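Structural features, examined
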Amino acid sequence: MSFNAVITWWVENPRLIDLLVNSLWETIVMVFTSGFIGFVVGIPLGVLLHLSKKNGLLENTALNKVLGVVVNIGRSIPFIILLVALIPVTRFIVGSSIGTAAAIVPLTIGAIPFIARLVEGALLEVPAGLVEAAQAMGAKPIQIINKVLLPEALPGIINAITITLVTLVGYSAMAGTVGGGGLGDVGIRYGYQRFDGTVMMITIVILVVLVQLIQSVGDHLVKRVDHR
Amino acid sequence: MIEIKNVNKVFYQGDRAINALSDINLTIQQGSISGVIGSSGAGKSTLIRCVNLLERPTSGEVIVDGVDLTTLSEQELTLTRRKIGMIFQHFNLLSSRTVFNNIALPLELAGIAKEKIKSKVEDLLELVGLVDKRDVYPANLSGGQKQRVAIARALASDPKVLLCDEATSALDPATTISILELLQKINKELNLTILLITHEMAVVKGICEEVAIIGNGKLVENGKVGDIFAHPKTDLAREFIRSTLDLSIPVDYQTRLQAQRVENSYPLIRLEFTGASVDTPVISHVAREFNIDISILSSNMDYVGGVKFGLMLAEFIGSEVAAEKAIAYLKEQKIELEVLGYVV
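Summarised in this report is the structure supplied together with it. Predicted, not measured: the structure shown is a model, and the values here were computed from it.

Thresholds applied
- Residues numbered from 1 in each chain as written.
- Chains lettered and ligands numbered in written order.
- Predicted model: local features only at pLDDT ≥ 70, side-chain atom pairs only at ≥ 80, totals over all residues.
- Heavy atoms only, no water.
- Helix = DSSP H or I, 4+ residues; strand = E, 2+ residues; numbered from the N terminus.
- Buried < 20%, exposed > 50% of the residue type's maximum accessible area, 1.4 Å probe, protein only.
- Contact = heavy atoms within 4.5 Å.
- Areas by Shrake-Rupley, 256 points an atom, 1.4 Å probe, with all protein chains shown as cover.
- Lys, Arg positive; Asp, Glu negative; His and termini not counted.
- Charge placed at Lys NZ, Arg CZ, Asp CG, Glu CD.
- Pairing = 2+ DSSP bridges.
- Patch = residues over 30% accessible without salt bridge, like charges linked within 9 Å, V, L, I, M, F, W, Y side chains within 5 Å.
- Salt bridge = Lys/Arg side-chain N within 4 Å of Asp/Glu carboxyl O.
- Buried area = accessible area lost by both parts, 1.4 Å probe.
- Polar contact = N/O pair within 3.5 Å; in protein donor to acceptor, adjacent residues only side chain to side chain.
- Nonpolar A, V, L, I, M, F, W, Y, C, P; charged D, E, K, R; others polar.

Below, the discussion takes up the overall build of chain A. The secondary structure content of chain A amounts to 10 helices and 0 strands. When its helices and strands are written in sequence order, chain A yields α-α-α-α-α-α-α-α-α-α. For chain A, the residues scored as buried account for 43% of the 228 residues in total. For chain A, restricting intrachain contacts to residue pairs at least 6 apart in sequence, the fraction spanning at least 24 positions comes to 73%. Of the roughly 11,800 Å² of accessible surface on chain A, a fraction of 69% belongs to carbon and sulfur atoms. On chain A, the mean spot of the 14 positive side-chain charges and the mean spot of the 12 negative ones are 7 Å from each other.

Structural data, given as structure tokens:
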């Protein structure tokens, strides 16, 4: 019965279907673009946070303190406020503060400190003895990072990527408030503001499936690279 | 090959200075196997880490193969370390790499061509007896196998020196022996200088030619293993020697032990043979000469560097007078002995 209801709804609402497909695509674009740029900046930042620590490989307490404060500021601003506060920056980068491309800016900036801390945590799990062994065999710092720290922390880093992408799915819903589009936006506008329970349900189901998918791919990859 | 000159290392714990090493002087000959022994916290780990400057000495010189490492720049030091192999108590293998790739790591770091790496690593797998484990990850190896991989990895860059930081301390006795045999083999075949630190005198006795004993950050005694075993000059050395011969009184004897001699009880005696003891068959001699029966409870005699030494627990069964005379005679023969009590 409910299956039939879904089919009927499906046939009767081609415009809404279109909207859902488009917004799913927008969500995917927002999450993965901001995720990707976030990793490009966030992973090196996490590595730097780890290395500059006291007794770290490239100990630099001053740099570590500064980075730490910056990252903490980024992490302490609620995303919805960051979204609005960054409007001038977004306008400067994208040329507009409305739309999916515009939403990617605050999403990326929100993701970077998040990723940096997660990567730092993953690197912390690498036993200090491994770095020491690499030093003893005459590895340069850059070799230690590329051949020891990152490969050994890879399961943790993939886990961090998974967590970040899932979090970004959630953040992207808020991006709707600045006209970013995406599934969350549809859920709020159609489901909440127009009291259309069916649309709300459908967006929730799609989001759940998306998150499940990201999580399972992530878990699968971790399993493949984890030989500990 | 390795010269440690006036090395001091001070750690700071807040404002408190801790002298981890004070004024250590030690020379290790090319091609020898030398051991540094000390209890935990004695500073032996700090000492070996000073040899490749994983720990930088507060003062002093560390000369390896004619080069004073303390004067090198960071880059020069990195390159010099490639000629100093090191293995560790907890192996420190990369879990993300197979056995083959772990051994290949030092060669990759040096930028060696792939083909050359392959043949070199395969030779090393042969040397340490792990050809069949080539593509296995370290998580699936036993402790002994892991240490073999670590040894192969340390040898990959053809080092002149191999440092062993408690390399057998996490292994069971049988595996320890097989790893020590491997170390001995590579010492002979590759003419590699090996410096190992340990807290087990058995390891030193097993493979070392020279030994240095450190306690409280100071070098207490050093010399040929045979000499140290024969004529230990310090209490610490004696303690370590005794630790290889641990003899304890069985529990049922302990309950029967009296402090004073009573009717029908016989003295339980611990005899300690050292390098100074007279090298004659004293036990049978005493039995014959003083008409007492000697019942040996347990005994641990060993022979190192031309000297017999060891500990023995024995009951002297006979009259009180005979026992007294026998004890006096043994003391004359420079055998240290102690009456532990009287067994009823």
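The rest of the description comes next.
All names here are of chain B. Looking at the secondary structure, you find Leu-182 in helix 6 (residues 173–190). Here Leu-182 falls in the buried class, since its relative accessible area comes to 5%. Once the C-alpha coordinates of Leu-182 and Ser-96 are considered, the two residues, 86 residues apart in sequence, prove to be 26 Å apart.

The subject of this paragraph is the sheet that holds strand 1 (residues 2–13) of chain B. Adjacent strands of a sheet pair through backbone hydrogen bonds, lying either parallel or antiparallel. Residues and elements named next belong to chain B. One open sheet accounts for 4 strands, arranged 2-1-4-5; its pairing is antiparallel. The open sheet has two edge strands with one neighbour each: strand 2 (16–28) and strand 5 (67–68). Taken together, the 2 bridges between strand 4 (residues 59–64) and strand 5 define a ladder with antiparallel strand orientation. When the sheet's bridge partners are listed, Ile-63 is paired in strand 5 with Asp-68.

Turning our attention to a nonpolar patch on the surface. On the surface, A:Met201, A:Ile204, A:Val205, A:Val208, A:Val209 and A:Leu213 cluster together to form a nonpolar patch covering roughly 520 Å² of accessible area. Mapped onto the elements, A:Val209 comes out in helix 10 (residues 197–225).

Taken residue by residue, the interface counts 22 residues in chain B and 17 residues in chain A. Broken down residue by residue, the surface that chain B buries against chain A is led by B:Leu94, B:Ser95 and B:Leu109, which jointly contribute 27%. The salt bridge partner of B:Arg49 is A:Glu132, with a shortest N-O separation of 2.8 Å. Inspection of the chain B/chain A interface yields 8 residue pairs in polar contact (both at pLDDT 80 or more). For the side of chain B that touches chain A, the secondary structure elements donating two or more residues are helix 2 (74–81), strand 6 (84–88) and helix 3 (99–109) of chain B. Counting residues per element, the side of chain B that touches chain A draws most heavily on helix 3 of chain B, which supplies 4 residues. A per-class count over the side of chain B that touches chain A returns 11 nonpolar, 5 polar and 6 charged.

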